[in-house]
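Per-entry structural report
Here is what each chain is made of, one letter per residue.
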Amino acid sequence: MPDTTSPNVVVIYADDLGWGDVGCFGADDLKTPVLDSLCASGVRLPQWYSNSPVCSPSRASLLTGKYPAHAGVETILGGARGTRGLPRQETLATQLRRRGYRTGIFGKWHLGVAEEFGPTRHGFDESFGFRAGCVDYYSHIFYWGRHNPVHDLWEGDEEVWLNGEYLTTVIGERAARFVAQEDDRPFFCYVPFNAPHYPLHAPPEYVDRFAHLPEGRRTTAAMIAAMDDAIGLIVDALDERGLRENTLVFFSSDNGPSRESRNWLDGEEISYDGGSTGGLRGAKGSVFEGGVAVPAIMSWPAELPAGVDYPGVGLMMDLLPTILEAVDGAPAEVADVDGRSLLAGLRKPSTPAALDDRAVFWTYDGQWAVRRGRFKRVHRAREGMTPPHVVERALFDLAEDRAEEVDVAERFPETADELDRDLAGFRRQHGNWSGAAPGQTLGGRQDAP
């Protein structure tokens, strides 16, 4: 029989999914019944953030519990076969494997393509998926960047070919197969989907569901629906083994939706504008809310309440200490992490969040932001991946203005000054991390996000 004391852990990560792309977060033009059911069975986290507005740094924070620069990955990593990645260090996978878990990853890695930086070097017993930032959903070829197209699909360290198979569905099937394995050990199943990241590919039967929507939104909605069905395969596998009650399932996204224009075929520029921020300002690449505020759900029926909201602020770096406390039954002693366990607040989400007095930070490509409580300070913020910077410096009251439309710095000058001091301290720490070894920050944007 499976271990009935230690919870299984399933972490599902969408790619470029916006705050307004999930039914339980307000999407009214598409249905996500599986995600909505997970939300109804657990805790919705409407104040949840990625640690970065782009892919690779967000994933580094998820796995290490650290700010991106502290983890050693600040920028988007490339897709060439020799691309270096996440420096060797403790990860959620190594921590859980040490606790007797079998560990598997199924989907997008994006933390280094070279074999020595792959998932099996960071605590995963099993891995299936691709290592770069994005691939064609049917050929599994990486087309972007200043190199020839390269095939990118791997079973462990062995290249595999599944030409013509829709990758979102394959990822769901492979993760469900891992969950379904008869084994006495608890498991950690990490499922980073590439949906709905470009290129915009979806099977016709999904596209047909959304014929009434504009073209970009239509295909994005189809990709999200296919991902929702693939997540359903994983949940069904849990149910079939009788594991759902004692499985902690977490779902979120790596950053906000894309507004990029990328080369597709014959040099044509395609604008990827089908994702929704749910009315938040900015998008992928921006430290405004639309770039870093992401939908998030945690469901653990045996331990967490159902159908409630957690009012506190959380970030991806909080996931590692939160999961380790859930596994250990007490706060874990984890050295050198920046996140904090939110488990006590998740168990009693109606209680005011004690952690909201902390300052949390974001930076990307010259932009900086800090949030403490209801207030957020931004420096040199822009709307997306590319300049110009549209706000040199502003203070927003997120309790009254989540869309970040009104600068309240003149109304709250002391708060603005306090957050500036917080940000100055973080910038100093960031500089120390960026120059440190062995967790040396990987710099320079490479290829496609």
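Residues numbered from 1 in each chain as written. Predicted model: local features only at pLDDT ≥ 70, side-chain atom pairs only at ≥ 80, totals over all residues. Heavy atoms only, no water.

1. Quick look at the sheet that holds strand E17 (residues 359-364)
If you walk across this open sheet you meet the four strands as E17-E18-E19-E20, and the pairing is antiparallel. Edge positions in the open sheet fall to E17 and strand E20 (389-397), since each of these has one partner strand only. Across this sheet, the average inter-strand angle for adjacent strands is 10°, counted without regard to direction. Relative to strand E18 (residues 367-372), E17 runs antiparallel, the two sharing six bridges. Bridge pairing in E18 places Thr363 opposite Trp368. (Pairing = 2+ DSSP bridges. Helix = DSSP H or I, 4+ residues; strand = E, 2+ residues; numbered from the N terminus. Axes fitted to C-alpha atoms, helices over the stretch in contact; angles between N-to-C directions.)

2. Things to note about the confidence of the model for the protein
Of the residues in the protein, 93% reach a pLDDT of 70 or more, and the chain-wide mean stands at 92. Counting contacts from residues 437-449, a segment whose pLDDT is below 50, to residues more than four positions away or on other chains yields 61 contacts. (pLDDT = per-residue confidence, 0-100. Contact = heavy atoms within 4.5 Å.)

3. What to know about unusual backbone geometry
Here Ala195 and Pro196 are connected by a cis peptide whose omega angle stands at 0°. Residue position: Pro196 is located in the loop between strand E10 (187-192) and helix H6 (204-207). With an omega of 5°, the peptide bond running from Tyr198 to Pro199 counts as cis. Here Pro199 shows up in the loop between E10 and H6. In the Ramachandran plot, Asp336 falls in the positive-phi region, its phi being about 65° despite a non-glycine side chain.

4. Digging into the pattern of salt bridges
For the structure shown, the criterion picks out 34 salt bridges. In this structure, Arg217 and Asp29 form a salt bridge, with 2.9 Å as the shortest nitrogen-oxygen distance. Placement of the pair is Arg217 in helix H7 (residues 215-240) and Asp29 in the loop between strand E1 (8-14) and helix H1 (33-40), with a sequence separation of 188 residues. When its relative accessible area of 25% is taken as the criterion, Asp29 is described as partly exposed. In this structure, Asp422 and Arg372 form a salt bridge, with 2.8 Å as the shortest nitrogen-oxygen distance. With a gap of 50 residues between them, Asp422 in helix H11 (residues 413-434) and Arg372 in strand E18 connect regions that are remote in the sequence. Judged by relative accessible area, which is 18%, Asp422 ranks as buried. A residue is classified by how much of its surface remains accessible, and Arg372, at 25% relative accessible area, is partly exposed. Through salt bridges with shared partners, a single ionic network connects Asp15, Arg59, Lys108 and Asp254. (Salt bridge = Lys/Arg side-chain N within 4 Å of Asp/Glu carboxyl O. Buried < 20%, exposed > 50% of the residue type's maximum accessible area, 1.4 Å probe, protein only.)

5. Re the side chain of Asp318
Following the sequence through the fold, Asp318 ends up in the loop between strand E16 (314-315) and helix H9 (319-328). Not counting the four nearest positions on each side in its chain, Asp318 is found in contact with Trp48, Gly339, Arg340, Leu342 and Arg358.

6. Notes on the environment of Tyr137
Mapped onto the elements, Tyr137 comes out in the loop between strand E5 (126-130) and strand E6 (141-142). Looking at Tyr137, the relative accessible area reads 0%, which means it is buried. Each C-alpha atom, one on Tyr137 and one on Tyr190, is 19 Å from the other, the two residues being 53 residues apart in sequence.

7. What to know about the sheet that holds strand E8 (residues 154-155)
Where strands meet in a sheet, backbone hydrogen bonds hold them as pairs that are either parallel or antiparallel. The sheet built from ten strands is open, its strands ordered E9-E8-E5-E4-E10-E1-E11-E14-E2-E15 with mixed pairing. What marks the edges here is a single partner per strand, and that holds for strand E9 (158-159) and strand E15 (308-309). Judged from the two bridges that link them, strand E2 (residues 43-44) and E15 form a sheet pairing that is parallel. From the neighbouring strand, Arg44 faces E15, where its bridge partner is Asp309. Against the sheet, H1 makes contact with E2, strand E11 (247-253) and strand E14 (297-299), and its axis sits at roughly 65° relative to E14, the strand it touches most.

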